Amino acid sequence: MTFDLILLQAFTGVALGTIFVLVALGLSLIFGLLTIVNFAHSQFFMLGAYVGVVVLAVTGSFWAALVLVPLVVGALGMVCERVLIRPLYGRGIDYPLLLTFGLGLIILELVRIFAGTEGIPFNTPEALTGAVDLGVFFFPKYRLFLIGVTAAILVALWFFLEKTPYGLIIRAGARDPEIVQVLGVDVSRVWLIVFGIGTGLAALAGVLAAPIRGVFPEMGVPVLVEAFVVTVVGGMGSLLGAVIAGLAVGITVSMTSLFYPEMTTLSMFLLMAVVLVFRPRGLFGRAGVLD
Amino acid sequence: MSMLEVINLNAWYGRSHILQGVGFEVGQGEAVCLIGRNGAGKTTTLRSIMGLVGKRTGSVMFKGQEIISSPTHKRLGMGLAYVPEDRRIVRGLTVLENLRLGLVASPNRSREAEIVDRIAETFPRLRERLHQQGDTLSGGEQQMLAIARALAADPQLIMLDEPSEGIMPVLVDEMFELFARLKAQGLTILIVEQNVERALALADRAYIVDQGEIVHSGISGELLANPEIQEKYCAI
Ligand SMILES: Nc1ncnc2c1ncn2[C@@H]1O[C@H](COP(=O)(O)OP(=O)(O)OP(=O)(O)O)[C@@H](O)[C@H]1O
Ligand SMILES: [Mg+2]
(Lines give C-alpha, C1' and ligand atoms only; values in the text may rest on other atoms or scores of the structure.)
(Ligands and ions follow the chains in the order given, each with its own letter.)
Protein backbone atom coordinates (compact mmCIF):
# COMPACT_ATOMS: atom_id res chain seq x y z
CA MET A 1 0.00 0.00 0.00
CA THR A 2 1.53 3.24 -1.11
CA PHE A 3 1.47 6.60 0.54
CA ASP A 4 -0.20 7.99 -2.60
CA LEU A 5 -3.12 5.69 -2.15
CA ILE A 6 -3.60 6.73 1.45
CA LEU A 7 -3.47 10.37 0.47
CA LEU A 8 -5.96 9.75 -2.32
CA GLN A 9 -8.27 8.02 0.10
CA ALA A 10 -7.99 10.87 2.56
CA PHE A 11 -8.87 13.31 -0.17
CA THR A 12 -11.81 11.17 -1.15
CA GLY A 13 -12.88 11.25 2.49
CA VAL A 14 -12.83 15.03 2.47
CA ALA A 15 -14.98 15.09 -0.66
CA LEU A 16 -17.38 12.63 0.95
CA GLY A 17 -17.31 14.71 4.11
CA THR A 18 -18.46 17.86 2.30
CA ILE A 19 -21.93 16.35 1.97
CA PHE A 20 -21.93 15.53 5.69
CA VAL A 21 -20.77 19.06 6.45
CA LEU A 22 -23.52 20.74 4.44
CA VAL A 23 -26.26 18.55 5.90
CA ALA A 24 -24.99 18.85 9.47
CA LEU A 25 -24.50 22.62 9.20
CA GLY A 26 -28.19 23.07 8.45
CA LEU A 27 -29.18 20.70 11.22
CA SER A 28 -26.90 22.46 13.70
CA LEU A 29 -27.98 25.94 12.67
CA ILE A 30 -31.62 25.03 13.18
CA PHE A 31 -30.91 23.35 16.49
CA GLY A 32 -28.77 26.24 17.74
CA LEU A 33 -31.44 28.83 17.06
CA LEU A 34 -34.77 27.07 17.36
CA THR A 35 -33.76 24.26 19.77
CA ILE A 36 -35.50 21.95 17.34
CA VAL A 37 -34.06 18.63 16.32
CA ASN A 38 -35.28 18.55 12.73
CA PHE A 39 -36.01 14.94 11.91
CA ALA A 40 -37.29 15.94 8.48
CA HIS A 41 -33.87 17.31 7.59
CA SER A 42 -32.80 14.30 5.54
CA GLN A 43 -36.03 14.44 3.55
CA PHE A 44 -35.27 18.02 2.58
CA PHE A 45 -31.94 16.60 1.41
CA MET A 46 -33.81 14.04 -0.72
CA LEU A 47 -36.23 16.68 -1.93
CA GLY A 48 -33.23 18.74 -3.04
CA ALA A 49 -32.12 15.92 -5.32
CA TYR A 50 -35.62 15.53 -6.78
CA VAL A 51 -36.11 19.24 -7.35
CA GLY A 52 -32.68 19.10 -8.97
CA VAL A 53 -33.94 16.42 -11.36
CA VAL A 54 -36.90 18.62 -12.28
CA VAL A 55 -34.82 21.76 -12.78
CA LEU A 56 -32.34 19.79 -14.85
CA ALA A 57 -35.14 18.40 -17.01
CA VAL A 58 -36.63 21.84 -17.57
CA THR A 59 -33.52 23.96 -18.01
CA GLY A 60 -30.96 21.35 -18.94
CA SER A 61 -28.48 23.12 -16.66
CA PHE A 62 -26.86 21.64 -13.57
CA TRP A 63 -25.79 25.14 -12.58
CA ALA A 64 -29.36 26.36 -12.64
CA ALA A 65 -30.23 23.42 -10.37
CA LEU A 66 -27.48 24.39 -7.92
CA VAL A 67 -28.95 27.88 -7.61
CA LEU A 68 -32.67 27.08 -7.75
CA VAL A 69 -32.79 23.97 -5.57
CA PRO A 70 -31.76 25.63 -2.28
CA LEU A 71 -34.11 28.53 -3.02
CA VAL A 72 -37.13 26.35 -3.80
CA VAL A 73 -36.61 23.85 -0.98
CA GLY A 74 -35.57 26.60 1.45
CA ALA A 75 -38.83 28.41 0.69
CA LEU A 76 -40.73 25.19 1.26
CA GLY A 77 -38.91 24.76 4.56
CA MET A 78 -39.96 28.27 5.54
CA VAL A 79 -43.58 27.43 4.80
CA CYS A 80 -43.29 24.33 7.01
CA GLU A 81 -41.75 26.38 9.82
CA ARG A 82 -44.42 29.04 9.69
CA VAL A 83 -47.41 26.73 9.34
CA LEU A 84 -46.43 23.58 11.24
CA ILE A 85 -43.58 24.22 13.63
CA ARG A 86 -44.33 27.73 14.84
CA PRO A 87 -47.37 26.73 16.91
CA LEU A 88 -45.13 24.37 18.88
CA TYR A 89 -42.56 26.89 20.12
CA GLY A 90 -42.23 26.98 23.86
CA ARG A 91 -43.58 23.45 24.29
CA GLY A 92 -40.29 21.70 24.85
CA ILE A 93 -38.20 19.61 22.54
CA ASP A 94 -40.45 16.57 22.06
CA TYR A 95 -43.43 18.10 20.19
CA PRO A 96 -41.39 19.54 17.32
CA LEU A 97 -39.40 16.31 17.28
CA LEU A 98 -42.53 14.26 16.70
CA LEU A 99 -43.85 16.77 14.23
CA THR A 100 -40.71 16.87 12.09
CA PHE A 101 -40.50 13.09 12.22
CA GLY A 102 -44.03 12.92 10.81
CA LEU A 103 -43.28 15.64 8.30
CA GLY A 104 -40.32 13.62 7.06
CA LEU A 105 -42.55 10.57 6.52
CA ILE A 106 -45.09 12.68 4.63
CA ILE A 107 -42.42 14.14 2.34
CA LEU A 108 -41.07 10.65 1.69
CA GLU A 109 -44.49 9.23 0.82
CA LEU A 110 -45.39 12.19 -1.38
CA VAL A 111 -42.20 11.72 -3.36
CA ARG A 112 -42.94 8.00 -3.71
CA ILE A 113 -46.45 8.80 -4.96
CA PHE A 114 -45.49 11.51 -7.43
CA ALA A 115 -42.05 10.44 -8.57
CA GLY A 116 -42.29 6.67 -8.20
CA THR A 117 -40.39 4.30 -5.97
CA GLU A 118 -37.66 3.62 -8.51
CA GLY A 119 -34.46 5.56 -8.65
CA ILE A 120 -33.88 8.27 -11.25
CA PRO A 121 -30.52 8.53 -12.99
CA PHE A 122 -28.61 11.73 -12.40
CA ASN A 123 -25.55 12.16 -14.53
CA THR A 124 -22.48 14.05 -13.50
CA PRO A 125 -22.54 17.31 -15.45
CA GLU A 126 -20.38 17.03 -18.54
CA ALA A 127 -17.93 19.73 -17.56
CA LEU A 128 -17.18 17.87 -14.32
CA THR A 129 -16.66 14.35 -15.59
CA GLY A 130 -13.24 12.78 -15.72
CA ALA A 131 -10.28 13.35 -13.47
CA VAL A 132 -7.64 15.98 -12.96
CA ASP A 133 -3.96 15.40 -12.35
CA LEU A 134 -3.14 16.74 -8.91
CA GLY A 135 0.53 15.82 -9.30
CA VAL A 136 0.45 13.03 -6.74
CA PHE A 137 -2.62 11.29 -8.15
CA PHE A 138 -5.56 11.70 -10.47
CA PHE A 139 -8.67 12.90 -8.70
CA PRO A 140 -12.25 12.89 -10.01
CA LYS A 141 -13.17 16.40 -11.13
CA TYR A 142 -16.61 16.21 -9.57
CA ARG A 143 -15.24 15.46 -6.12
CA LEU A 144 -12.82 18.33 -6.40
CA PHE A 145 -15.78 20.46 -7.36
CA LEU A 146 -17.63 19.31 -4.21
CA ILE A 147 -14.74 20.44 -2.07
CA GLY A 148 -14.61 23.81 -3.87
CA VAL A 149 -18.34 24.48 -3.61
CA THR A 150 -18.43 23.54 0.06
CA ALA A 151 -15.45 25.75 0.80
CA ALA A 152 -17.14 28.65 -0.98
CA ILE A 153 -20.36 28.10 0.98
CA LEU A 154 -18.47 27.96 4.27
CA VAL A 155 -16.75 31.25 3.50
CA ALA A 156 -20.05 32.85 2.49
CA LEU A 157 -21.80 31.53 5.60
CA TRP A 158 -18.97 32.70 7.82
CA PHE A 159 -19.12 36.15 6.27
CA PHE A 160 -22.88 36.28 6.64
CA LEU A 161 -22.81 35.24 10.29
CA GLU A 162 -19.78 37.21 11.46
CA LYS A 163 -19.83 40.35 9.33
CA THR A 164 -23.41 41.30 8.62
CA PRO A 165 -26.14 42.71 10.89
CA TYR A 166 -28.30 39.66 10.10
CA GLY A 167 -25.53 37.39 11.27
CA LEU A 168 -25.19 39.42 14.46
CA ILE A 169 -28.89 38.98 15.13
CA ILE A 170 -28.67 35.24 14.45
CA ARG A 171 -25.68 34.78 16.76
CA ALA A 172 -27.33 36.80 19.51
CA GLY A 173 -30.66 35.07 18.96
CA ALA A 174 -29.03 31.69 19.50
CA ARG A 175 -27.77 32.83 22.93
CA ASP A 176 -30.58 35.00 24.20
CA PRO A 177 -33.74 35.38 22.14
CA GLU A 178 -35.40 37.45 24.85
CA ILE A 179 -32.95 40.34 24.88
CA VAL A 180 -32.94 40.33 21.10
CA GLN A 181 -36.69 40.96 21.20
CA VAL A 182 -36.26 43.66 23.81
CA LEU A 183 -33.83 45.31 21.39
CA GLY A 184 -36.51 45.46 18.75
CA VAL A 185 -35.92 42.34 16.68
CA ASP A 186 -38.81 40.12 15.67
CA VAL A 187 -37.23 36.83 16.69
CA SER A 188 -39.84 34.70 14.96
CA ARG A 189 -38.65 36.12 11.64
CA VAL A 190 -35.09 35.18 12.50
CA TRP A 191 -36.22 31.61 13.18
CA LEU A 192 -38.08 31.52 9.89
CA ILE A 193 -35.02 32.64 7.95
CA VAL A 194 -32.71 30.25 9.77
CA PHE A 195 -35.03 27.34 9.06
CA GLY A 196 -35.00 28.36 5.41
CA ILE A 197 -31.20 28.52 5.33
CA GLY A 198 -30.91 25.15 7.09
CA THR A 199 -33.28 23.31 4.79
CA GLY A 200 -31.79 25.08 1.78
CA LEU A 201 -28.34 23.78 2.76
CA ALA A 202 -29.72 20.25 3.10
CA ALA A 203 -31.30 20.52 -0.33
CA LEU A 204 -28.10 21.81 -1.88
CA ALA A 205 -26.27 18.85 -0.37
CA GLY A 206 -28.93 16.60 -1.91
CA VAL A 207 -28.44 17.87 -5.42
CA LEU A 208 -24.65 17.85 -5.00
CA ALA A 209 -24.78 14.25 -3.79
CA ALA A 210 -27.11 13.12 -6.58
CA PRO A 211 -24.41 12.28 -9.16
CA ILE A 212 -22.56 10.19 -6.55
CA ARG A 213 -25.31 8.60 -4.50
CA GLY A 214 -28.11 8.45 -7.06
CA VAL A 215 -31.64 9.79 -6.69
CA PHE A 216 -34.25 7.62 -5.00
CA PRO A 217 -36.92 8.22 -2.36
CA GLU A 218 -34.95 6.57 0.47
CA MET A 219 -31.70 8.39 -0.25
CA GLY A 220 -32.24 10.53 2.84
CA VAL A 221 -32.41 7.64 5.27
CA PRO A 222 -28.67 7.03 5.74
CA VAL A 223 -28.10 10.79 5.61
CA LEU A 224 -30.17 11.35 8.72
CA VAL A 225 -27.99 8.89 10.62
CA GLU A 226 -24.79 10.40 9.22
CA ALA A 227 -25.90 13.92 10.01
CA PHE A 228 -26.70 12.99 13.58
CA VAL A 229 -23.36 11.27 14.05
CA VAL A 230 -21.64 14.38 12.70
CA THR A 231 -23.70 16.69 14.89
CA VAL A 232 -23.07 14.63 17.99
CA VAL A 233 -19.33 14.37 17.28
CA GLY A 234 -19.07 18.09 16.54
CA GLY A 235 -21.32 19.18 19.40
CA MET A 236 -25.01 20.05 19.08
CA GLY A 237 -25.50 23.55 17.78
CA SER A 238 -21.84 24.19 16.97
CA LEU A 239 -21.20 25.21 13.37
CA LEU A 240 -17.43 24.85 13.59
CA GLY A 241 -18.09 21.43 15.13
CA ALA A 242 -20.29 20.46 12.18
CA VAL A 243 -17.52 21.34 9.74
CA ILE A 244 -14.67 19.60 11.57
CA ALA A 245 -16.74 16.55 12.46
CA GLY A 246 -18.20 16.29 8.94
CA LEU A 247 -14.73 16.11 7.46
CA ALA A 248 -13.51 13.79 10.22
CA VAL A 249 -16.37 11.37 9.63
CA GLY A 250 -15.79 11.52 5.88
CA ILE A 251 -12.12 10.70 6.27
CA THR A 252 -12.81 7.98 8.85
CA VAL A 253 -15.32 6.24 6.59
CA SER A 254 -13.09 6.55 3.56
CA MET A 255 -9.98 5.26 5.36
CA THR A 256 -11.84 2.35 6.88
CA SER A 257 -13.13 1.32 3.47
CA LEU A 258 -9.51 1.12 2.35
CA PHE A 259 -8.07 -0.79 5.30
CA TYR A 260 -11.00 -2.76 6.65
CA PRO A 261 -13.94 -2.58 4.24
CA GLU A 262 -16.23 -4.75 6.42
CA MET A 263 -16.21 -2.03 9.07
CA THR A 264 -16.96 0.91 6.76
CA THR A 265 -20.49 1.61 7.98
CA LEU A 266 -19.64 0.92 11.58
CA SER A 267 -16.55 3.14 11.64
CA MET A 268 -18.41 6.41 12.08
CA PHE A 269 -20.21 5.05 15.12
CA LEU A 270 -16.92 3.94 16.61
CA LEU A 271 -15.58 7.44 16.04
CA MET A 272 -18.66 8.83 17.76
CA ALA A 273 -18.27 6.48 20.70
CA VAL A 274 -14.62 7.41 21.14
CA VAL A 275 -15.35 11.13 20.99
CA LEU A 276 -18.21 10.82 23.44
CA VAL A 277 -16.06 8.96 25.94
CA PHE A 278 -13.65 11.87 26.09
CA ARG A 279 -16.02 14.72 25.33
CA PRO A 280 -19.62 13.90 26.23
CA ARG A 281 -20.85 17.12 24.61
CA GLY A 282 -18.96 16.51 21.40
CA LEU A 283 -15.85 18.30 20.17
CA PHE A 284 -17.24 21.83 20.29
CA GLY A 285 -20.42 21.39 22.28
CA ARG A 286 -21.36 24.18 24.64
CA ALA A 287 -22.36 23.45 28.19
CA GLY A 288 -26.04 23.86 28.77
CA VAL A 289 -27.23 23.32 25.21
CA LEU A 290 -29.04 20.15 26.09
CA ASP A 291 -29.71 20.56 29.81
CA MET B 1 -50.22 63.58 28.53
CA SER B 2 -48.47 60.84 30.37
CA MET B 3 -45.81 58.93 28.55
CA LEU B 4 -46.65 55.64 30.23
CA GLU B 5 -49.90 54.76 31.88
CA VAL B 6 -50.43 51.39 33.52
CA ILE B 7 -53.99 50.53 34.55
CA ASN B 8 -55.12 47.47 36.49
CA LEU B 9 -52.19 45.36 35.36
CA ASN B 10 -52.41 41.69 36.30
CA ALA B 11 -49.78 39.10 35.55
CA TRP B 12 -49.30 35.41 36.21
CA TYR B 13 -46.38 33.02 36.33
CA GLY B 14 -48.01 29.66 35.75
CA ARG B 15 -50.82 29.55 38.30
CA SER B 16 -49.41 32.18 40.64
CA HIS B 17 -51.15 35.48 40.30
CA ILE B 18 -48.21 37.84 40.80
CA LEU B 19 -49.42 41.31 39.82
CA GLN B 20 -52.86 42.09 41.18
CA GLY B 21 -54.02 45.29 39.63
CA VAL B 22 -50.94 47.47 39.43
CA GLY B 23 -51.61 51.03 38.32
CA PHE B 24 -49.30 54.03 37.95
CA GLU B 25 -48.19 56.59 35.45
CA VAL B 26 -45.05 58.29 34.27
CA GLY B 27 -45.30 61.75 32.78
CA GLN B 28 -43.21 62.99 29.93
CA GLY B 29 -39.74 64.03 31.13
CA GLU B 30 -40.39 62.64 34.60
CA ALA B 31 -38.25 60.22 36.55
CA VAL B 32 -40.36 57.78 38.53
CA CYS B 33 -39.17 55.14 40.94
CA LEU B 34 -40.72 51.83 41.92
CA ILE B 35 -39.73 50.71 45.39
CA GLY B 36 -40.55 47.55 47.26
CA ARG B 37 -39.26 44.55 49.11
CA ASN B 38 -37.69 41.54 47.41
CA GLY B 39 -40.36 39.60 45.61
CA ALA B 40 -42.84 42.49 45.67
CA GLY B 41 -43.35 42.33 41.92
CA LYS B 42 -41.20 45.20 40.60
CA THR B 43 -39.37 43.15 37.99
CA THR B 44 -42.60 41.45 37.00
CA THR B 45 -44.16 44.87 36.46
CA LEU B 46 -41.41 45.94 34.07
CA ARG B 47 -41.42 42.59 32.29
CA SER B 48 -45.18 42.78 31.86
CA ILE B 49 -44.88 46.24 30.36
CA MET B 50 -42.32 44.77 27.93
CA GLY B 51 -44.68 41.93 27.03
CA LEU B 52 -42.33 39.33 28.46
CA VAL B 53 -44.72 37.74 30.95
CA GLY B 54 -46.83 35.06 29.32
CA LYS B 55 -50.19 35.82 30.86
CA ARG B 56 -51.09 39.44 31.50
CA THR B 57 -54.26 41.53 31.51
CA GLY B 58 -55.12 45.17 32.02
CA SER B 59 -53.89 48.16 30.12
CA VAL B 60 -50.45 49.55 29.31
CA MET B 61 -50.62 52.81 27.36
CA PHE B 62 -47.39 54.11 25.89
CA LYS B 63 -47.64 57.57 24.32
CA GLY B 64 -51.38 57.06 24.15
CA GLN B 65 -51.19 53.69 22.43
CA GLU B 66 -52.32 50.41 23.96
CA ILE B 67 -49.35 48.01 23.96
CA ILE B 68 -50.35 45.33 26.46
CA SER B 69 -50.83 42.64 23.85
CA SER B 70 -48.40 43.80 21.19
CA PRO B 71 -45.29 41.67 20.76
CA THR B 72 -42.16 42.66 22.68
CA HIS B 73 -40.10 43.71 19.67
CA LYS B 74 -42.50 46.52 18.69
CA ARG B 75 -41.58 48.59 21.71
CA LEU B 76 -38.08 49.76 20.91
CA GLY B 77 -39.16 51.37 17.66
CA MET B 78 -41.88 53.23 19.56
CA GLY B 79 -39.27 54.66 21.92
CA LEU B 80 -39.45 52.30 24.89
CA ALA B 81 -36.16 50.79 26.07
CA TYR B 82 -35.59 48.34 28.91
CA VAL B 83 -32.48 47.37 30.85
CA PRO B 84 -33.24 44.08 32.60
CA GLU B 85 -32.17 43.24 36.12
CA ASP B 86 -29.64 40.65 34.95
CA ARG B 87 -28.21 42.96 32.26
CA ARG B 88 -28.27 40.32 29.56
CA ILE B 89 -24.93 41.00 27.93
CA VAL B 90 -24.84 38.43 25.14
CA ARG B 91 -22.12 35.82 25.48
CA GLY B 92 -19.91 35.28 22.47
CA LEU B 93 -20.35 38.88 21.31
CA THR B 94 -17.84 41.66 21.80
CA VAL B 95 -18.71 44.91 23.55
CA LEU B 96 -19.05 46.60 20.17
CA GLU B 97 -21.27 43.83 18.85
CA ASN B 98 -23.48 44.11 21.92
CA LEU B 99 -23.81 47.83 21.20
CA ARG B 100 -24.58 47.11 17.56
CA LEU B 101 -27.30 44.76 18.70
CA GLY B 102 -28.97 47.78 20.25
CA LEU B 103 -28.91 49.44 16.83
CA VAL B 104 -29.78 46.73 14.31
CA ALA B 105 -33.52 47.08 14.71
CA SER B 106 -33.65 50.69 15.86
CA PRO B 107 -34.39 53.83 13.87
CA ASN B 108 -30.69 54.69 14.37
CA ARG B 109 -29.36 51.67 12.49
CA SER B 110 -27.98 53.73 9.59
CA ARG B 111 -26.00 55.97 11.94
CA GLU B 112 -23.89 53.33 13.63
CA ALA B 113 -20.52 55.10 13.55
CA GLU B 114 -21.96 58.29 14.97
CA ILE B 115 -23.88 56.52 17.74
CA VAL B 116 -20.91 54.35 18.75
CA ASP B 117 -18.74 57.48 18.94
CA ARG B 118 -21.30 59.16 21.13
CA ILE B 119 -21.52 56.11 23.41
CA ALA B 120 -17.74 55.92 23.66
CA GLU B 121 -17.74 59.52 24.78
CA THR B 122 -20.44 58.98 27.39
CA PHE B 123 -18.92 55.71 28.62
CA PRO B 124 -15.11 56.01 28.54
CA ARG B 125 -14.84 52.65 30.30
CA LEU B 126 -16.47 50.98 27.32
CA ARG B 127 -14.40 52.85 24.74
CA GLU B 128 -11.24 51.08 25.89
CA ARG B 129 -12.92 47.71 25.73
CA LEU B 130 -14.90 47.77 22.50
CA HIS B 131 -13.27 44.61 21.16
CA GLN B 132 -13.30 42.66 24.40
CA GLN B 133 -15.84 39.86 24.85
CA GLY B 134 -18.90 41.39 26.51
CA ASP B 135 -19.21 38.75 29.21
CA THR B 136 -15.63 39.29 30.39
CA LEU B 137 -16.46 42.82 31.58
CA SER B 138 -16.80 43.45 35.30
CA GLY B 139 -20.31 43.62 36.72
CA GLY B 140 -20.29 47.40 36.72
CA GLU B 141 -18.97 47.60 33.18
CA GLN B 142 -21.62 45.14 32.05
CA GLN B 143 -24.28 47.34 33.59
CA MET B 144 -22.84 50.34 31.73
CA LEU B 145 -22.88 48.33 28.53
CA ALA B 146 -26.48 47.27 29.07
CA ILE B 147 -27.47 50.90 29.63
CA ALA B 148 -25.45 52.09 26.64
CA ARG B 149 -27.03 49.41 24.46
CA ALA B 150 -30.51 50.51 25.49
CA LEU B 151 -29.65 54.17 24.87
CA ALA B 152 -28.26 53.49 21.40
CA ALA B 153 -31.74 53.65 19.94
CA ASP B 154 -32.41 57.09 21.49
CA PRO B 155 -35.50 55.96 23.39
CA GLN B 156 -37.99 58.38 24.91
CA LEU B 157 -38.56 56.25 27.99
CA ILE B 158 -35.99 53.96 29.58
CA MET B 159 -36.92 51.39 32.20
CA LEU B 160 -34.05 50.43 34.50
CA ASP B 161 -34.28 47.42 36.81
CA GLU B 162 -31.96 47.82 39.80
CA PRO B 163 -29.03 49.34 37.90
CA SER B 164 -26.95 49.73 41.07
CA GLU B 165 -27.27 46.10 42.18
CA GLY B 166 -23.90 44.61 43.05
CA ILE B 167 -21.91 47.59 41.82
CA MET B 168 -19.26 49.47 43.73
CA PRO B 169 -20.24 52.90 45.08
CA VAL B 170 -17.95 54.95 42.81
CA LEU B 171 -19.60 53.47 39.76
CA VAL B 172 -23.04 53.91 41.26
CA ASP B 173 -22.30 57.62 41.68
CA GLU B 174 -21.16 57.81 38.10
CA MET B 175 -24.27 56.01 36.94
CA PHE B 176 -26.71 58.20 38.81
CA GLU B 177 -24.94 61.33 37.56
CA LEU B 178 -25.52 59.99 34.07
CA PHE B 179 -29.20 59.37 34.80
CA ALA B 180 -29.58 62.93 36.09
CA ARG B 181 -27.95 64.27 32.93
CA LEU B 182 -30.18 62.14 30.71
CA LYS B 183 -33.21 63.34 32.60
CA ALA B 184 -32.12 66.94 32.15
CA GLN B 185 -31.87 66.23 28.42
CA GLY B 186 -35.52 65.21 28.44
CA LEU B 187 -35.36 61.42 28.77
CA THR B 188 -38.21 59.91 30.76
CA ILE B 189 -37.05 57.35 33.32
CA LEU B 190 -38.79 54.55 35.17
CA ILE B 191 -36.39 53.05 37.68
CA VAL B 192 -36.65 50.15 40.09
CA GLU B 193 -34.17 50.50 42.95
CA GLN B 194 -33.25 49.04 46.31
CA ASN B 195 -30.94 51.96 46.80
CA VAL B 196 -33.82 54.12 47.97
CA GLU B 197 -31.96 57.29 48.84
CA ARG B 198 -30.18 57.46 45.54
CA ALA B 199 -33.30 56.62 43.59
CA LEU B 200 -35.44 59.16 45.39
CA ALA B 201 -32.79 61.81 44.85
CA LEU B 202 -33.13 61.22 41.13
CA ALA B 203 -36.87 60.62 40.90
CA ASP B 204 -39.64 63.17 40.98
CA ARG B 205 -42.14 60.69 42.28
CA ALA B 206 -42.19 57.14 43.59
CA TYR B 207 -44.62 54.27 43.95
CA ILE B 208 -44.33 51.58 46.54
CA VAL B 209 -45.08 48.05 45.39
CA ASP B 210 -46.02 45.32 47.81
CA GLN B 211 -47.34 41.85 47.07
CA GLY B 212 -48.18 42.73 43.52
CA GLU B 213 -50.00 45.97 44.26
CA ILE B 214 -49.19 49.66 44.49
CA VAL B 215 -49.67 50.43 48.17
CA HIS B 216 -48.43 53.98 48.30
CA SER B 217 -47.36 56.81 46.07
CA GLY B 218 -45.97 60.23 46.59
CA ILE B 219 -43.40 62.80 45.59
CA SER B 220 -39.86 61.80 46.44
CA GLY B 221 -39.27 64.35 49.17
CA GLU B 222 -42.32 63.20 51.01
CA LEU B 223 -41.24 59.58 50.99
CA LEU B 224 -37.68 60.44 51.94
CA ALA B 225 -39.06 62.19 55.00
CA ASN B 226 -41.23 59.25 55.96
CA PRO B 227 -39.12 56.66 57.78
CA GLU B 228 -42.20 54.67 58.70
CA ILE B 229 -43.08 53.84 55.11
CA GLN B 230 -39.47 53.24 54.23
CA GLU B 231 -39.11 50.80 57.05
CA LYS B 232 -42.31 48.99 56.25
CA TYR B 233 -41.89 48.55 52.52
CA CYS B 234 -38.27 48.89 51.65
CA ALA B 235 -35.80 46.07 51.75
CA ILE B 236 -32.41 46.03 53.48
N1 LIG C 1 -40.16 33.05 36.36
C2 LIG C 1 -40.91 32.99 37.48
N3 LIG C 1 -41.67 31.91 37.76
C4 LIG C 1 -42.42 31.84 38.86
N5 LIG C 1 -42.49 32.82 39.78
C6 LIG C 1 -41.76 33.92 39.58
C7 LIG C 1 -40.93 34.07 38.42
N8 LIG C 1 -40.32 35.26 38.49
C9 LIG C 1 -40.74 35.83 39.62
N10 LIG C 1 -41.61 35.05 40.28
C11 LIG C 1 -42.27 35.36 41.56
O12 LIG C 1 -42.98 36.56 41.37
C13 LIG C 1 -42.88 37.36 42.55
C14 LIG C 1 -42.41 38.74 42.15
O15 LIG C 1 -41.10 38.65 41.66
P16 LIG C 1 -40.30 39.89 41.09
O17 LIG C 1 -39.08 39.37 40.46
O18 LIG C 1 -41.21 40.71 40.27
O19 LIG C 1 -39.94 40.68 42.41
P20 LIG C 1 -39.04 41.96 42.61
O21 LIG C 1 -39.88 42.96 43.27
O22 LIG C 1 -38.39 42.35 41.34
O23 LIG C 1 -37.95 41.43 43.63
P24 LIG C 1 -36.38 41.75 43.78
O25 LIG C 1 -36.27 42.98 44.57
O26 LIG C 1 -35.85 40.57 44.53
O27 LIG C 1 -35.82 41.85 42.41
C28 LIG C 1 -41.96 36.64 43.48
O29 LIG C 1 -42.76 36.00 44.45
C30 LIG C 1 -41.27 35.63 42.64
O31 LIG C 1 -40.99 34.46 43.36
MG1 LIG D 1 -36.49 42.37 40.68
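Everything numeric here is computed off the predicted structure, so don't read it as measured data. In every chain, residue numbers begin from 1 and rise along the written sequence. All chains are assigned letters beginning with A, and all ligands numbers beginning with 1, in the order in which they are written. Reporting in this predicted model follows two pLDDT cut-offs: at least 70 for local features of residues, and 80 or more for side-chain atom pairs to be given and counted; totals over whole chains, interfaces and linings ignore these cut-offs and use all residues. Water and hydrogen atoms play no part in the side-chain values, which are based on all heavy atoms of the structure.

Draft legend 1. Structural detail: the coordination of the magnesium ion (ligand 2). All names here are of chain B. Each metal's donors are the N, O and S atoms found within 2.8 Å of it, except that Na, K and Ca use a 3.2 Å limit; water is left out, so coordination can look incomplete. Within the protein, the atoms that donate to the magnesium ion (ligand 2) are T43 (OG1) and E85 (OE), at distances of 1.9 to 2.7 Å. Pair noted here: T43 is in helix α1 (residues 42-49) and E85 is in the loop between β6 (80-83) and α3 (95-101), with a separation of 42 residues, a long-range link. In this structure E85 comes out as partly exposed when scored by relative accessible area, which is 26%. Going along the chain from the N terminus, every DSSP run of H or I of four or more residues is numbered as a helix, and every run of E of two or more is numbered as a strand. Working definition: with a 1.4 Å probe on protein chains only, accessible area under 20% of the residue-type maximum means buried, over 50% means exposed, and in between means partly exposed.

Draft legend 2. The packing of aromatic side chains, seen in detail. Note on ring pairs: Phe, Tyr and Trp rings are taken, using the six-membered ring of Trp, and paired if centres are within 6.5 Å. Classes follow the plane angle, with under 30 degrees stacked, over 60 edge-to-face and the rest tilted. Tallying each qualifying case throughout the model produces 15 aromatic pairs over all chains. In this structure an aromatic cluster arises from ring pairing among F62, W63, F122, Y142 and F145 of chain A. Taking NZ or CZ as reference, K55 of chain B lies 4.2 Å from the ring centre of W12 of chain B, over its face. Cation placement over rings: the criterion is NZ of Lys or CZ of Arg within 6 Å of the ring centroid and within 35° of the ring normal.

Draft legend 3. Layout of the packing of helix α2 (residues 41-59) of chain A against helix α8 (residues 187-213) of chain A. Residue and element names in this part refer to chain A. Only C-alpha atoms enter the line fits that serve as axes; for helices the fit covers just the stretch in contact. Angles between N-to-C directions range over 0 to 180 degrees. Where α2 meets α8, the closest approach of the two axes is 7 Å, and the angle between their N-to-C directions is 55°. Between α2 and α8, the interaxial angle falls into the category oblique. Judged by the twist between their axes, the crossing of α2 over α8 is right-handed. Along the contact surface, α2 presents H41, F44, F45, G48, A49 and G52, while α8 presents G198, T199, A202, A203, A205, G206, V207, A209 and A210. Per-class residue counts for the contact of α2 with α8 are nine nonpolar, six polar and no charged. Each angle is binned into one of four classes, with values under 35 degrees roughly parallel, values over 145 roughly antiparallel, values of 65 to 115 roughly perpendicular, and all other values oblique. Throughout, a crossing is termed right-handed when the near helix is turned clockwise from the far one, and left-handed when it is turned anticlockwise from it by less than a right angle. We call two residues in contact when some of their heavy atoms are within 4.5 Å. Residues are grouped as follows: nonpolar covers Ala, Val, Leu, Ile, Met, Phe, Trp, Tyr, Cys and Pro; charged covers Asp, Glu, Lys and Arg; every other residue, Gly included, is treated as polar.

Draft legend 4. Region of interest: helix α4 (residues 112-122) of chain B. All names here are of chain B. Considered for burial, the residues of α4 that qualify are I115, V116, I119 and A120. Along the axis of α4, the buried residues cluster in a sector spanning 140°; they form a single face. Structural note: α4 exposes A113, D117 and E121 on the side pointing more than 90 degrees away from its buried face. As used here, the arc is the angular range of directions from the helix axis to the C-beta atoms.

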